[in-house]
Amino acid sequence: MLHQRAGPSLHMVLPSIDFGLNSTMELLPPSEDRLMALPDDVLVLILEKLGGGAREAIRTCSLVSRRWSRLPWLLPEPKISIQDFLPRGTELHDELAPAELGRAMGAFCRAVSSFLSNSNAIATTGSRCLNLEFVLANGCLPAIQRLLGGDAGGTAAGKASALKFSIRTAAHETDCGEAPMRRYARWFKRFMAASSGAFRLLASLELWNLWLGSAGVAAVLGACPRLQRLALRHCHTTSADSRRGEVLVIDDAPTLGELVVDMCFYRLVELRSAPKLTRLTCDMWTATGAPLSLTGAPGLETLVLVNGASRFERPFRLSELLVGTTNLRCLSLNFQSEKIWIQPEPPRSLYTAFGKLTALSIGGIFTQCDFLWMMILLEAARFLQEFRIAVQKHLCSGGDYKERREPLWRKQSDFKHNHLVTLQITGFEAQDKHIGFVRLVMERAINLKTVVLVDEEPCSYCGFANDPTSSSIESKYPKNEDEKGFTVKQLKAELSSSAQIVMR
């Protein structure tokens, strides 16, 4: 922690900090505080290392000296989050009592007010971006509106050149049905209209649990002429009695550089005009074919697709999804240990879309799945440099996986790959299927430098950690140095490849 490295003066101050608007200023004798002699840029680096965002910076600096009181505004992106004001051990998605949420939002508003009222910061705010994370609570929104202002942008417009909002809800997405989503959408619409000046400053907007269709998204884009990043999380218009949602159209988005569509059950996300979009993430969908239309995003460089396909979902060809995409650099596919949802196709049909691809990641491969079909993708990505594969051996979703099927791709040709540098397999096992695949890549990739083979990593969703008590398939990863050495010999036997094999 910072106070362990910064000398006795901060060690004296930090343990007794009690954040609030009426905190007492504590000035330490200059002879006892070497930090006072440091230039501002060094002090800002110290604040960044402290962590905790703007809240930690405010309460630290307000207690140390008047000179330090302007330092939080020198942070590249000061952040104030409602999470910092919740009771210890409480998360935003936990069920909160209205009174508890009201107290947290009150403390959040006081912190923002204190931050924006610092008159010493005016001269240093030319390029600052203020990041705010708060809850869409109807009773608390008027206070936030007063802080942000209306048409003029309020205090925020005078202190920051850009804003970022992450707007959460009190309900968890798994408990948020149509009625509360419609209610949250009405609250958000009123909030956006009452804070139009602040929304014109938005560079990034993250929304949760809103009943939001094409018209709603168009209204957001129209209200945010400088928006560079939009994240929609569990935002959709799919009724409980319908499997097919509407088509979400993204049009007239001239500044949008990144779009995240997470747990949004739109039938299709159609990008009609997003000329500056370079990164797109689509996590979970219910489409019966390709979930995206990318013809309006010619500059797309990074595409992340994550989905555990059900039996109702029809596989699709990557070449069909990637029509019009010629600038792709990074592609990530995650099947969440379910069936493979891309259809077989010849490598030549992907040459155009994969013409600039340098990084390919294939994750969530179920443990019984064959690997050889991935050689088709390697052959199609002729300039690929990094190839990463992750096998998901444990079962964390509670399903029986009866619908998992191996892809029936044609046998690959005897191609040679000239650009692949790194192959990494997470969830590697010392069995013929994995060993044979690694040897095949080593044989075909004539300039391969490194092969990294690791066991399955801990799962952030269910806590799986490859231990005997976990509900998993027993790992066959080499357990000691002797087994690892034997596996390396198997991989290198009778091959001329000079690639280094790393087993962690």
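- Identification of the chain as At1g61320/AtMIF1 LRR domain-containing protein from Urochloa decumbens is taken from an unreviewed UniProt entry.

Let's talk about the overall build of the chain
Thought 1: Counting its secondary structure elements, the chain contains 13 helices and 17 strands.
Thought 2: Burial analysis of the chain (504 residues in total) assigns 52% to the buried set.
Thought 3: Intrachain contacts of the chain at a sequence separation of at least 6 include 74% that bridge at least 24 residues.

Side note on the packing of helix 5 (residues 141-148) against helix 7 (residues 178-194)
The description of two packed helices rests on the angle between their axes and on the distance between the axes.
Thought 1: Interhelical geometry of helix 5 versus helix 7 gives an angle of 20 degrees and a closest axis separation of 10 Å. It follows from the interaxial angle that helix 5 and helix 7 lie roughly parallel. In this structure, helix 5 crosses over helix 7, and the sense of that crossing is right-handed. From helix 5, Leu141, Ile144, Gln145 and Leu148 reach across to helix 7, where they touch Trp187, Arg190, Phe191 and Ala194.
Thought 2: Here the residues of the contact of helix 5 with helix 7 sort into 6 nonpolar, 1 polar and 1 charged.

A word on the packing of aromatic side chains
Thought 1: Applying the stated criterion across every chain, the model contains 14 aromatic pairs.
Thought 2: Counting every residue linked through ring pairs, the aromatic cluster contains Phe85, Phe108, Phe134, Phe165, Phe188, Phe191 and Phe199.
Thought 3: Here the basic side chain of arginine 168 rests over the ring of tryptophan 208, its NZ or CZ set 3.9 Å away from the ring centre.

Some points on helix 7
Thought 1: Between its terminal C-alpha atoms helix 7 stretches 24 Å, which fits the 24 Å expected from 17 residues at 1.5 Å a residue.
Thought 2: What helix 7 keeps buried is the set Pro180, Met181, Tyr184, Ala185, Trp187, Phe188, Phe191 and Met192.
Thought 3: Next to the buried residues of helix 7 lie strand 2 (129-135), helix 5, strand 3 (162-168), helix 8 (196-199), strand 4 (202-208) and helix 9 (214-223).

Some remarks on the sheet that holds strand 8 (residues 268-271)
Thought 1: Taken in spatial order, the 3 strands make up an open sheet running 6-8-10, and their pairing is parallel. At either margin of the open sheet sits one strand with a lone partner, and together these are strand 6 (247-250) and strand 10 (292-293).
Thought 2: Two elements, strand 8 and strand 10, share 2 bridges in a ladder whose sense is parallel. The residue bridging valine 269 from the neighbouring strand is leucine 292, located in strand 10.

Considerations on the packing of helix 12 (residues 432-444) against helix 13 (residues 481-492)
Thought 1: Two elements in contact, helix 12 and helix 13, have axes whose closest approach is 9 Å; the angle formed by their N-to-C orientations is 50 degrees. For the element pair helix 12 / helix 13, the angle class is oblique. In this structure, helix 12 crosses over helix 13, and the sense of that crossing is right-handed. Between helix 12, through Ile435, Val438, Arg439 and Met442, and helix 13, the contact on the second element is made entirely by Gln490, Leu491 and Lys492.
Thought 2: Residues that form the contact of helix 12 with helix 13 fall into these classes: 4 nonpolar, 1 polar and 2 charged.

A look at the nonpolar core
Thought 1: Core analysis: the largest hydrophobic core is formed by 131 residues, its most contacted members being Phe108, Phe165, Leu205, Leu303, Phe354 and Phe387.
Thought 2: No other element matches the 10 residues that helix 4 (residues 98-116) contributes to this core.

Definitions and cut-offs
Residues numbered from 1 in each chain as written. Predicted model: local features only at pLDDT ≥ 70, side-chain atom pairs only at ≥ 80, totals over all residues. Heavy atoms only, no water. Helix = DSSP H or I, 4+ residues; strand = E, 2+ residues; numbered from the N terminus. Buried < 20%, exposed > 50% of the residue type's maximum accessible area, 1.4 Å probe, protein only. Contact = heavy atoms within 4.5 Å. Axes fitted to C-alpha atoms, helices over the stretch in contact; angles between N-to-C directions. Parallel < 35°, antiparallel > 145°, perpendicular 65-115°, else oblique. Left-handed = near helix turned anticlockwise from the far one by under 90°. Nonpolar A, V, L, I, M, F, W, Y, C, P; charged D, E, K, R; others polar. Phe/Tyr/Trp six-rings, centres within 6.5 Å; stacked < 30°, edge-to-face > 60°. Lys NZ or Arg CZ within 6 Å of the ring centre and 35° of its normal. Expected span 1.5 Å × (residues − 1). Pairing = 2+ DSSP bridges. Core = buried A, V, L, I, M, F, W, Y, C linked by side-chain atoms within 4.5 Å.

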